[in-house]
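Now for the letters of each chain:
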Amino acid sequence: KNQVEQSPQSLIILEGKNCTLQCNYTVSPFSNLRWYKQDTGRGPVSLTIMTFSENTKSNGRYTATLDADTKQSSLHITASQLSDSASYICVVSAYSGGGADGLTFGKGTHLIIQP
Amino acid sequence: KAGVTQTPRYLIKTRGQQVTLSCSPISGHRSVSWYQQTPGQGLQFLFEYFSETQRNKGNFPGRFSGRQFSNSRSEMNVSTLELGDSALYLCASTFRTGAYTDTQYFGPGTRLTVL
C-alpha cells in the first residue's frame, strides 16, 4: 500500500531560525515528489516538484531534497519568517499514466514561527 | 490569468440534506480533481474529471458524485449529508508540464459544516 509519512507532526521555531521537515514514502512506481504549503483556511500552493532524476530543488528560502534510494525527502526552510507559519504537505505521485489518483498525500507538518 | 475559484466558500447544512459545490478551473485547464480535507485524515482524493469524463475515483461512498461541463467547470454533489462529511472540500486544476510532472493549482476550498 502506498504511504507517505511526515515528521514532525508539528514544530515551533523562532523567527530567523532554520528548520527541516521530513517525508518518508513507500510509493511505487515512483514518478515525482512535491511539497505544498497550505496557509490556514486556504488551498495548498506548490513549492517544489522533483522527479526521480533530481535530488535537490530550491524555491527561494525553501530547498527540497530527494533520496530515491532510501525513499526520503526533506524540506529545509532558511531564515524563517512569520509568513512561513503554515502546514507543509508532502505528496508523492505514482506513475499511472496520469491522473490524480496516483497521488499519495502525507498528513502534513504544522509549522509555527514565533517572533 | 485568474486562479481556481470555488463557490460557495462556506456552507452550513443539516444531516440528511444534499449539497452542491462548484469549481471553475484555470482557463485552458481541462483536468479538475476534488479532495476532502479533514484534520484527522488530511487530504483525500475524491475524483478527477478530464474533458467531461470521470477519469479516476477515490474510495468514497456513492453519496459523493460529480460532473464536469464542456467549459471545464465542475460540480460535486453530496447527498444525504452525515456529520462526518464536515470538511474543507478542495478543487484543483492540473496542467501537465512534462512526461512525469504536472502542476496542480488548488482553489481556496469550500468549508462545509454539517449540523
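Everything that follows concerns the structure shown earlier in this document.
(A) Quick peek at the pairing of strand E7 (residues 62-67) of chain A. Residues and elements named next belong to chain A. Alternating positions in E7 separate cleanly, Tyr-62, Ala-64 and Leu-66 being buried on one face and Thr-63, Thr-65 and Asp-67 remaining unburied on the opposite face. What sits between the antiparallel neighbours strand E6 (residues 56-59) and E7 is a turn of two residues, in which Gly-60 has the positive phi angle 65°. Direction of pairing for E7 relative to strand E8 (residues 72-77): antiparallel, over a ladder of six bridges. Within E8, the position partnered with Ala-64 by the bridge is Leu-75. Here E7 folds back onto E8 in antiparallel fashion, the turn holding four residues, of which Lys-71 has a positive phi close to 60°.

(B) Just the side chain of Asp84(A), in detail. All names here are of chain A. Within the element layout of this structure, Asp-84 appears in the loop between E8 and strand E9 (86-94). Under the relative-accessibility criterion, Asp-84 is labelled buried at 1%. In this structure Asp-84 touches Lys-37, Arg-61, Tyr-62, Ile-77, Leu-111 and Ile-113, once residues within four positions along its chain are discounted.

(C) Looking closely at unusual backbone geometry. The omega torsion across Ser7(A) and Pro8(A) is -10°, close enough to zero to call that bond cis. Mapped onto the elements, Pro8(A) comes out in the loop between strand E1 (3-7) and strand E2 (10-14). In the segment running from Ser28(A) into Pro29(A), the intervening peptide bond is cis, with an omega of -10°. Structurally, Pro29(A) can be placed in the loop between strand E3 (19-26) and strand E4 (30-38). Of note, the phi angle at Ser51(B) is positive, near 50°, even though the residue is not glycine. On the basis of relative accessible area, Ser51(B) is assigned to the partly exposed category, the value being 33%. Phi at Ser72(B) takes a positive value of approximately 80°, unusual for a residue other than glycine. Mapped onto the secondary structure, Ser72(B) falls in the loop between strand E7 (64-68) and strand E8 (74-78). On the basis of relative accessibility, which here comes to 12%, the residue Ser72(B) falls in the buried class.

What counts, and at which threshold
- Residues numbered from 1 in each chain as written.
- Chains lettered and ligands numbered in written order.
- Predicted model: local features only at pLDDT ≥ 70, side-chain atom pairs only at ≥ 80, totals over all residues.
- Heavy atoms only, no water.
- Buried < 20%, exposed > 50% of the residue type's maximum accessible area, 1.4 Å probe, protein only.
- Helix = DSSP H or I, 4+ residues; strand = E, 2+ residues; numbered from the N terminus.
- Pairing = 2+ DSSP bridges.
- Contact = heavy atoms within 4.5 Å.

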